[in-house]
Amino acid sequence: MATGNPYTLKWGIMATGGIAETFCKDLLCDPAVRGANDVRHEIVAVSSSSSSQRAAEFLQRIDGAFDAKTYGSYAELVVDPNVDIIYVATPHSHHFQNTMLALEAGKHVLCEKAFTVTAAQTRKLVETAKAKNLFLMEAVWTRYFPLSIKVRELITSGEIGTVFRTIGDLSINLHAKEGSGLQFSDSHRMVNPDLAGGATLDLGVYPLTWVFQTLYHLQPEQDKEAPTVIASSNKYTTGADENTAIICSFPGHNTIGIASTTIRADTDPENLIPAVRIQGSEGEIQVFAPAYRPLKYKVVKRNGEAQTFDYPQPADPARKNWGHGMFWEADECARCLRDGKLESATLPWKESIVIMETMEEALKQGGITYPELITTDVYDPKSPLNTGNQ
Ligand SMILES: NC(=O)C1=CN([C@@H]2O[C@H](COP(=O)(O)OP(=O)(O)OC[C@H]3O[C@@H](n4cnc5c(N)ncnc54)[C@H](OP(=O)(O)O)[C@@H]3O)[C@@H](O)[C@H]2O)C=CC1
Ligand SMILES: O=C1OC[C@@H](O)[C@H](O)[C@H]1O
């Protein structure tokens, strides 16, 4: 435990949608409730691409500080001198241009998943952060859960012997109550190609996170091996993928990862089936749904002995018992910045690039394409994705 004053990270929030609200409520929880005494967070500014009024309403909704700034454009947010780090919470389509906007203004960035639409875009973000000496992290919050950390430790310590395979699924039944469609309109970010919608970029990144954090992340640095990828998708009427399966093979390590996702059925309708299975010569670790917010795992040994472990979500009584689990990734950002690190060792830039390459390859094999405006890796501060016109 650290002594002295906690390091304070001052956040600027870009976009006022669903996940921005969840993340900000987590930022405002007392870190001591989750046992973090070395870092703390302040939300000093919020921006909406539509209006400053929307940003002000958001600030009220999250019960944020009355003196936080509210802006009606992303461009104003990124030049606020009081902001240390920008949280980018726009749709996938916007991540590249919005993150570049922030980096070019000299701000550190935590950007929501999926990091970008193409691997070239991720590479460009990383090059820019490196050149400008700025911190950059993809907001794959799952990796920072105590349960994820524990599972990685169990694998490393040989709890289930030699690991050969990881199978992960994140599927949510969004099938319409009537008809053959889905529960939302074609313009919704989940299925709208203009917003880089689709199961892979929205949900598939989580089973892939389990494949990567168990089969790739733990590979020794000198033997790091990107996977070969075989994938298949079914398309929704909009052209976005609704059902995708990805096989990642690491031949040099004799392991295979299988990641699947669909928005037509649930991973676990009965709350019985593990969402993730990490399988080794001496047993397996089962992680229960949802794959993005892991709170329970089971170790099943080869001889059939089994033990379940619960990791209940810390909740802050002073904030209406709020606690979602996104604060752990925020704490990681604070610690990296405090310690002068530009990237997180738990999700290094190189790994984000390989994951994006994997998703890009899967989408290619599935025949999924996205428009030029959102796939270009040429930064344009005046892109409609930065000005709120798209
Ligand atoms: N980590 C997690 O658990 C989750 C992560 N996500 C990720 O967060 C991101 C945002 O998702 P979510 O919050 O659910 O999405 P929402 O649609 O709820 O919010 C997106 C926000 O982005 C801004 N925006 C800017 N341009 C557009 C546009 N053309 N269309 C729609 N919104 C636009 C808007 O804010 P404004 O008007 O203020 O500019 C909008 O409110 C995605 O990358 C998603 O994958 C989503 C859910 C869970
Ligand atoms: O990141 C996410 O996790 C939860 C899902 O419901 C959501 O669609 C997705 O964006």
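Residues numbered from 1 in each chain as written. Chains lettered and ligands numbered in written order. Predicted model: local features only at pLDDT ≥ 70, side-chain atom pairs only at ≥ 80, totals over all residues. Heavy atoms only, no water.

As recorded in an unreviewed UniProt entry, the protein chain goes by D-xylose 1-dehydrogenase (NADP(+), D-xylono-1,5-lactone-forming) and comes from Hypocrea virens. In the Sequence similarities (unreviewed entry) part of its UniProt record, the protein chain is described as follows: "Belongs to the Gfo/Idh/MocA family." (UniProt positions renumbered as here; feature names shortened; annotations may be inferred.)

(A) Quick peek at the confidence of the model for the protein chain. With 99% of its residues at a pLDDT of 70 or more, the protein chain has an overall mean of 97. Note on the complex model: pTM 0.98, ipTM 0.99. (pLDDT = per-residue confidence, 0-100.)

(B) A look at a nonpolar patch on the surface. Taken together, the side chains of Ile230, Ile247 and Ile256 make up a nonpolar region of the molecular surface, amounting to roughly 250 Å² of accessible area. Summarising the element assignment, Ile247 is placed in strand E9 (residues 241–250). Classification of Ile247 by relative accessible area gives partly exposed; the value is 35%. (Patch = residues over 30% accessible without salt bridge, like charges linked within 9 Å, V, L, I, M, F, W, Y side chains within 5 Å. Areas by Shrake-Rupley, 256 points an atom, 1.4 Å probe, with all protein chains shown as cover. Salt bridge = Lys/Arg side-chain N within 4 Å of Asp/Glu carboxyl O. Helix = DSSP H or I, 4+ residues; strand = E, 2+ residues; numbered from the N terminus. Buried < 20%, exposed > 50% of the residue type's maximum accessible area, 1.4 Å probe, protein only.)

(C) The site of ligand 1, seen in detail. Neighbouring ligand 1 are 25 residues, the closest being Thr16, Ser49, Tyr74, Lys113 and Gln390. Contact between ligand 1 and His94: a nitrogen atom at 3.2 Å from a side-chain N or O atom of the residue. Protein chains shield 80% of the accessible area of ligand 1, which is 880 Å² for the free molecule. Where the shell around ligand 1 is concerned, the elements lending two or more residues are helix H1 (18–27), helix H4 (92–104) and helix H7 (199–216). A per-element tally of the shell around ligand 1 places H4 first, with 3 residues. In terms of residue class, the shell around ligand 1 is built from 9 nonpolar, 11 polar and 5 charged. (Near = heavy atom within 4 Å. Polar contact = N/O pair within 3.5 Å; in protein donor to acceptor, adjacent residues only side chain to side chain. Nonpolar A, V, L, I, M, F, W, Y, C, P; charged D, E, K, R; others polar.)

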